[in-house]
Structures are given as C-alpha cells and as structure tokens.
Amino acid sequence: MRFSVSFLLLGLAAVLVVTGCNKATAEASKPNDEAAKFLRWSMNQNAALASYKAAESWSATAPVGKTEQREISYERPNKFKITTTIDKGECLTSVSDGAKMVEIAQLPGGGAVSSDAPQTLAGASGDQISHPLFNGSMLYQFFGGSDNFDALVDQSAGPVQFGDQAVAEPGEQAKTVKFHSAMGYGDVEVIIGTKTGLVYQISYDGLAQMLKDTPAMRQYGDNLPSVHTTETFSNIKTGIPLTASVFDTKPPKGIKVRAASDGSNAPVPIGSPAPDIVLTSLDGKKVKLSSFRGKVVLIDFWATWCPPCRKGLPITNKIHELYDSKGLHVLAVSNEDAAKISAFVKDNKYTFAAYQDANSEASKKYNIEGIPCTVIIDAKGRLSSYLVGLRPESEILDNLKKAGLNLGFSGSRYPSIADAPRKPSAGAHRHV
C-alpha cells in the first residue's frame, strides 16, 4: 500500500466539537493508587463487552492541522471495522472478519493489503491500524482488559493520576485519568464514565514525535512543535448485534488487493542484491550491512513507541539467541535517539545488536512505510524476504529457512521460541 503521511496531512481542517465540561477539583493531578485501579477497572469493563459501535472525531492542532471523522464497529475478540473519512470519496478502512484482515486505502495511489486476522483488536498491526494518524487509537488496548495495562501505561515515567472531574456526552459522571503512554502517545488524559467504564475522550501530546521523520515535521529538526491531539467518542452502543456484512473484507471495485507477505513494497525484487546501508551501533561505531556477507541477516525495523514492534521484539531476540551461533546475524534498527534505544533495550534485557538509523537513511533505502518490518537477506547478500507488520514466529522461521539458514531440526512443527532458554542478559552480542 503506497500512501504517505505527508499526503494525509493535507486533509481539510474542521472544528472538533468536544462534548462535556471539566470542573477543577482540589484533588486534580495528585498521585493516587485509586486512579490506576480505576483505569484497570475501565479496561476490564471494555474487555467484557460483546460488541461496541461508536462515532469518533479525531483532531490535531497545527502544524498538523487535521480533523477526521471515524466509525468503529467491534465484536469480541477480533472482528472489527474502523473507517476514517479523509475527504469526499477518500477514506481508510481496516476490517477483520475474524479470519482475515484487509486494510484499504481509497485515495490516489492507494490499494489494499490482506493478512491473517489478529487474535484480538488490541493486538492488531498494520500500516493503518497501528498509527493514530490513520485508524489507530489507544482505545483498542481497553478492549484487551487490564492484562494490557503495561502496554498502555509507562509507569516508570510517573504514577497514574486523576485529573479534573468531567461529565461525558450522555450526562454520565466521569473522571479524567492522566498517565504517560507506553505506546509513544506522550502524556495522556482519558475521560472515563464512572458507571459504565466507557472511554469518552482521549487527549495526548506525542503525535509530533511520532511524525518527526515525515516531511511535515522534518523541517523543525530537533525543535518539534507542540501538537495536541483529541479523540472524542460519541453515539456509543454496546452489546448490540452486528451482522456479518459489517465485517465484509471485500474491497470496493477497482481496489487491488495484495498479500502483506508478497514483498511488493520491497526496495528491489526478491532474489536481487540487497541495498547496502550504514548503521550506527549504540556505542557510536559505523557498521555496513555488507560486512555481514556470508551470514543470513535478519533486519528488524522497529520503534519504542510502536505496540506491534514491542510485541515482536521478544521473538526477534529469541531468534538471535537461538541462531546467532548458527550463521544468523540480527540487526534491530530504530531511527530514534540512541539514548532512548539503549534504555529500552537495557530495560527489556535484549541481547540482539541494536542500531540507530541516523537520519532514517536505511529506512528510506528499504522503503519502510510501516513497522515492524522484517527484512531477511541470504548469505550472498540477496534480498530473500520482506515482511511488513507483526508476524508469528513460525512465519519468520519459515523465511529464514528459505534464505538458507540451517535451523537444526526437521519437520513442519517448530519448537516454541517462547519456551527457549534465555542467555544471560550480558551476552556478547549486546551493543548497549
């Protein structure tokens, strides 16, 4: 699917009407364990919903200066349809019928990408549903219940707090909960109904950081402007029957569908020499991709703010630990600040070699439009696989085998990477 963030930023701006009002209280912004308990309770209330349907207004302040209208339909655990209207006749749709997910871009240069359905909406990945500028939202983590609390909240950045009192659109009393996002959304405020636990509004300030490598933000360099984003949910209906037609994955006439695994966005044809790139290790050394010739190479393009990336990195790390001594070299590549990458890798005790993609040069050479993206290169330096989105460990192992890596066992059933023994965290291949 070829469409850029810079194109979507040209959407027409409008005025977002935010319902409800806020009333300051003496307790606002004070750390309170009850705030975290209330947030967990809300997540469990949403996880218990059999179905959910709502309209959403999404707005970001200048310089993004963009307003969108969205429709959300969801049936537990993994049927959903999220549609974002950009302009008349132009929209983005992420839809899953429980077996297959299709992401459709009805706009110039768009198309559709098909993949296996995620197990849950909270775990869905893809170019559109992973990013808040398209169809992404923190709301989906609520449908995963309190088990997803750590995926939603970065508790190391500070406690969950209550903010100002609020009244939600239908007149329900509500509380504002404040926290720092573990998903890259920055500082967050969520208005939650005290009776239902439903989310009525989400506000955050991290969009500029997410877009820092787009043309719209690159002009600001390190002095990124403040962008405040607000999502407001209205006409919420829960527990209502949703027909199968709601989750029809067939795209509109004229929209071509490709499989997410077909490598059609790859920088060169599969089997051709892979573009050489220069990366920077976290101790400041420059490393060329071509220096690993003779080994099968797996490159994982990722970011700390990307939820699917965070779910996939443990698999990447286990693959490194199991096969590093058997002819595989893993490069985990992020275009974020080296200190941020280093802290994240250290906190998670990852032992793979992490690298910084300075100025996103490697990402540009490899046409990285959505992350995570797994690139596999054979021992002769030829591009073997190009996989966009979160992939199961068995698919990654299949593609490593295709690239010529000896996995050390036979049969169609792979041993579970999740059950594999870990190396000590101070492994020799850790570059932090």
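Up top is the structure these notes are about.
Draft legend 1. Geometry of the pattern of salt bridges. Counted under the stated rule, the structure contains 9 salt bridges. One salt bridge connects Arg-382 with Asp-378, and the closest N-O pair in it is separated by 2.8 Å. We classify Arg-382 as partly exposed; its relative accessible area is 34%. As a salt-bridge pair, Arg-391 and Glu-395 come within 2.5 Å of each other at their nearest N and O atoms. Of the residues examined, Glu-395 reaches a relative accessible area of 22% and is grouped as partly exposed.

Draft legend 2. Quick look at empty space enclosed by the protein. Under the criterion given, the structure shown has 3 cavities of 30 Å³ or more. Within this model, the largest cavity holds a volume of roughly 140 Å³. Surrounding the largest cavity, 15 residues form its lining, Ala-124, Ile-129, Gln-141, Met-183 and Pro-307 being those nearest its centre. Sorting the residues of the lining of the largest cavity by element identifies α3 (139-142) and α7 (307-323) as the ones contributing at least two each.

Draft legend 3. Spotlight on the packing of α7 against helix α10 (residues 393-402). The geometry of α7 relative to α10 is characterised by a closest axis approach of 11 Å and an angle of 45 degrees between their N-to-C directions. Viewed along their axes, α7 and α10 adopt a mutual orientation that is oblique. As α7 packs across α10, the resulting crossing turns out to be right-handed. From α7, Ile-315, Ile-319 and Tyr-323 reach across to α10, where they touch Glu-393, Ile-396, Leu-397 and Leu-400. Taken together, the residues of the contact of α7 with α10 sort by class into 6 nonpolar, no polar and 1 charged.

Draft legend 4. Highlighting the packing of aromatic side chains. Scanning the model with the defined rule gives 9 aromatic pairs in all. Residues Tyr-74 and Phe-143 carry aromatic rings whose centres are separated by 4.4 Å and whose planes lie at 20 degrees to one another, so their mutual orientation is stacked. One end of the pair, Tyr-74, is in strand β3 (residues 66-75); the other, Phe-143, is in the loop between α3 and α4 (149-152), and 69 residues separate them in sequence. Note on accessibility: Tyr-74 and Phe-143 belong to one class, buried. Grouped by ring-pair contacts, the aromatic residues Trp-302, Phe-344, Tyr-350 and Phe-352 constitute a single cluster.

Cut-offs and rules
- Residues numbered from 1 in each chain as written.
- Predicted model: local features only at pLDDT ≥ 70, side-chain atom pairs only at ≥ 80, totals over all residues.
- Heavy atoms only, no water.
- Salt bridge = Lys/Arg side-chain N within 4 Å of Asp/Glu carboxyl O.
- Buried < 20%, exposed > 50% of the residue type's maximum accessible area, 1.4 Å probe, protein only.
- 1 Å grid on protein atoms, 1.4 Å probe; cavity = no way out; pocket = protein on both sides within 12 Å on 5 of 7 lines; lining within 4 Å.
- Points joined across faces, edges and corners; volume = space filled by probe spheres on them.
- Helix = DSSP H or I, 4+ residues; strand = E, 2+ residues; numbered from the N terminus.
- Axes fitted to C-alpha atoms, helices over the stretch in contact; angles between N-to-C directions.
- Parallel < 35°, antiparallel > 145°, perpendicular 65-115°, else oblique.
- Left-handed = near helix turned anticlockwise from the far one by under 90°.
- Contact = heavy atoms within 4.5 Å.
- Nonpolar A, V, L, I, M, F, W, Y, C, P; charged D, E, K, R; others polar.
- Phe/Tyr/Trp six-rings, centres within 6.5 Å; stacked < 30°, edge-to-face > 60°.

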